[in-house]
Amino acid sequence: MDSKKGAFDVIGQLAALRRYARSLARNSPDAEDLVHDALVRAYERRSSFRSGANLRNWLFAIVRNTHIDRLRSAISRGQRDDQSAQEAGSSYPAHQEHSVRLAQVREAFMMLPEEQREALHLVAVEDLSYHEAADILDIPVGTLMSRVSRARASLRDFENGTKKPNHLRLVGGDND
């Protein structure tokens, strides 16, 4: 039983699952619910996990599929976007310039289209290869590379000042 438990040990994957879920759900409470639902699914379907397969990737795929199911049953995307914008404004105290800057970068990331945001998260934050991320998202590698490229270009535009989040600004910076 211990060897089987070691092969299906999800505890070591919780931090990565929570980060990915936060990236998908855009807020911590929904992310925690998403991880919980995904882990329940994973436990119920643990017999379908192939011994020797990559547990982390399998769990990421379950989190993603759970997220898609939740989106389909949600009342409206606008409610989540409004809640995310409110949370982003209150999550980081704007006492120092770098706090504001981090909040702006986070908002820029969260404003990316979902396909680009989840692709960039898997490649840049979770450090998965393009092939692994494409398998999780169930898309061709070329499509993943295109999404990551567009997401990075969008964030570069933000960094260069051609795109700016709408409600945060640096006090005492160039925006005065």
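Residues numbered from 1 in each chain as written. Predicted model: local features only at pLDDT ≥ 70, side-chain atom pairs only at ≥ 80, totals over all residues. Heavy atoms only, no water.

Notes on the pattern of salt bridges
Here's step 1: Under the counting rule described, the total for this entry stands at six salt bridges.
Here's step 2: Between R70 and D37 there is a salt bridge whose closest N-O contact spans 3.9 Å. Here the residue R70 occupies a position in helix α4 (residues 55-73), and D37 occupies one in helix α3 (residues 28-44), the gap between them amounting to 33 residues.
Here's step 3: In this structure D37 comes out as partly exposed when scored by relative accessible area, which is 32%.
Here's step 4: Connected through shared salt-bridge partners, R19, R56 and E126 make up one network. (Salt bridge = Lys/Arg side-chain N within 4 Å of Asp/Glu carboxyl O. Helix = DSSP H or I, 4+ residues; strand = E, 2+ residues; numbered from the N terminus. Buried < 20%, exposed > 50% of the residue type's maximum accessible area, 1.4 Å probe, protein only.)

Thoughts on helix α2 (residues 14-25)
Here's step 1: Taking 1.5 Å as the rise per residue, α2 with twelve residues should run 16 Å; its terminal C-alpha atoms sit 16 Å apart, in good agreement.
Here's step 2: Here α2 has its buried residues at L14, A16, L17, Y20, A21, S23, L24 and A25.
Here's step 3: For α2, the elements touching its buried residues are α3, α4, α6 (97-110), α7 (114-125) and α8 (130-137). (Expected span 1.5 Å × (residues − 1). Contact = heavy atoms within 4.5 Å.)

Considering unusual backbone geometry
Here's step 1: Although it is not a glycine, R26 adopts a positive phi angle of roughly 75°.
Here's step 2: Along the chain, R26 falls in the loop between α2 and α3.
Here's step 3: Residue R26 is classed as buried on the basis of its relative accessible area of 10%.
Here's step 4: Of note in the backbone geometry, D138 takes a positive phi value of approximately 60° without being a glycine.
Here's step 5: Topologically, D138 is positioned in the loop between α8 and α9 (141-159).
Here's step 6: A relative accessible area of 67% means that D138 is categorised as exposed.

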